[in-house]
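# Structure at a glance
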Amino acid sequence: MPDRVTSPSGPGAAVAVFGAAGHTGRFVVAELLRRGFAPIAIGRDAARLAGSGFARRSVETRVATVEDPASLDRALAGAAAVINCAGPFLDTAEPLAAAAIRARIPYLDVSAEQGSARALFERLGSQAGDVGVILVPAMAFYGGLADLLATAAMGDWTSADGIEIGIALDSWRPTRGTRITGQRNTAPRLFISGGRLEPLPAPAPEMSRVFSPPFGVQEAVELPFSETILIARHLRVAELHTWLNLAPLRDLRDAGTPPPVPADDSGRSAQTFAVEAIVRKGAGTRRATASGRDIYAVTAPLIVEAVQRILSGGVGKRGALAPGEMFDAANFLRALAPEHLTLDIAAD
């Protein structure tokens, strides 16, 4: 077992990125570099790591696989935290989180998968808390962003009658990882009804719904992601429903849809998105909305902001935690605006 981390925890700290050569992983490495961290790029394929240009940016690379716990221990040696960008997270989250617990360092991932997020809470949360380690599943566009928006919208309310999450994309060019995860993630999706996690009815409900500008009225399907598991952990809500417009799903379901194409020097695609959380309690309604570009690219500042706050000592809790229960949600989101997000938090 590795010794307790003695590397710096502030600027210059080493942060391991598992799946660094993947599409989202490269955005995360770039964001870590931009903020003054020292990324350690970890991958399962040495040739792919070598061809990813990390050496040109003086980024150390290491090879490890989730099937070999000793390789994970070696890969995390000297790291102050680890970010998991390698799906399917049903396969990678628990082995890597267990390695983080052994190394006594924070673990964060970008999973949209309900099953992997729930497993971290239920199987590793107590163990992590016992040794003072933080585990944060789904600190990403799907999952963490909606959880933070719902928490910010809820404000000082201690409970809510209902929360509705609306996610609209103008298109969805999926990465290879997204396609593989979709094939692996076949479990029934969960939503909150009567204050409890329940299986989503099949077929999933569809409706015409008004999304945040510029999307307006769109055909939509109820499609909960990992935000459901996060919100269920710390917000008291009787009903939680997540709606996604159908247009990006048609792209996702078309095997001929190509992967994302860079539209600027940062590598971001031209894809646009809007995510809103509408919280209702009695006659009151509160709303928080975020919009921006590229669901994969925006995940990088979300998760690196979380790492930065954790390593700065700003989180008092330990164990498996949802973003909204760790951070001042409104403050966290405002730190990303306007560079990464356009943000609006208001009560109706």
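Scroll up to find the structure this text is about.
Residues numbered from 1 in each chain as written. Predicted model: local features only at pLDDT ≥ 70, side-chain atom pairs only at ≥ 80, totals over all residues. Heavy atoms only, no water.

### What about the pattern of salt bridges?
Evaluated as defined, the whole model comprises 17 salt bridges. Residue Arg 286 pairs with Asp 156 through a salt bridge whose shortest N-O separation is 2.9 Å. Taken together, the residues span a long stretch of sequence, with Arg 286 in strand S14 (residues 284–293) and Asp 156 in the loop between helix H6 (141–154) and strand S7 (160–169) at a distance of 130 residues. Connected via shared salt-bridge partners are Glu 31, Arg 34, Arg 35, Glu 305, Arg 309 and Glu 339. (Salt bridge = Lys/Arg side-chain N within 4 Å of Asp/Glu carboxyl O. Helix = DSSP H or I, 4+ residues; strand = E, 2+ residues; numbered from the N terminus.)

### Focus: the pairing of strand S1 (residues 14–18)
Along S1, five of the five residues are buried, which leaves the element largely enclosed by surrounding structure. In this fold, S1 hands off to helix H1 (residues 23–34), which returns the chain to strand S2 (residues 38–43); that crossover is right-handed. Across four bridges, the pairing between S1 and strand S4 (residues 81–84) is parallel. Counterpart to Phe 18 in the pairing with S4 is Asn 84. (Buried < 20%, exposed > 50% of the residue type's maximum accessible area, 1.4 Å probe, protein only. Right-handed = clockwise from strand over helix to strand, strands pointing away. Pairing = 2+ DSSP bridges.)

### A look at the sheet that holds S2
Taken together, seven strands build an open sheet; the order of strands is S3-S2-S1-S4-S5-S6-S15 and the sheet is parallel. Each edge of the sheet is formed by a strand with only one pairing partner; in this case those strands are strand S3 (60–63) and strand S15 (319–320). Across the face of the sheet, helix H10 (residues 295–311) comes into contact with S1, S4, strand S5 (107–109) and strand S6 (134–136) while running at roughly 165° to S5. (Contact = heavy atoms within 4.5 Å. Axes fitted to C-alpha atoms, helices over the stretch in contact; angles between N-to-C directions.)

### Let's talk about the packing of aromatic side chains
Applying the stated criterion to the full structure yields five aromatic pairs. Here Phe 141 and Phe 273 contribute two aromatic rings whose centre-to-centre distance is 4.9 Å and whose plane-to-plane angle is 70°, an arrangement assigned as edge-to-face. Taken together, the positions of Phe 141 in helix H6 and Phe 273 in strand S13 (residues 272–281) put the pair 132 residues apart, joining distant regions of the chain. Taken individually, Phe 141 and Phe 273 each receive the classification buried, so the pair is uniform in this respect. Between the aromatic rings of Phe 327 and Phe 332, the centroid separation amounts to 5.0 Å while the plane-to-plane angle is 35°, which identifies the pairing as tilted. Given the relative accessible area of 9%, Phe 327 is considered buried. Classification of Phe 332 by relative accessible area gives buried; the value is 0%. A cation over an aromatic ring shows up here: Arg 189 above the ring of Phe 225, its NZ or CZ 5.2 Å from the ring centre. Arg 209 extends its terminal NZ or CZ atom over the ring of Phe 211, reaching a point 4.7 Å from the ring centre. (Phe/Tyr/Trp six-rings, centres within 6.5 Å; stacked < 30°, edge-to-face > 60°. Lys NZ or Arg CZ within 6 Å of the ring centre and 35° of its normal.)

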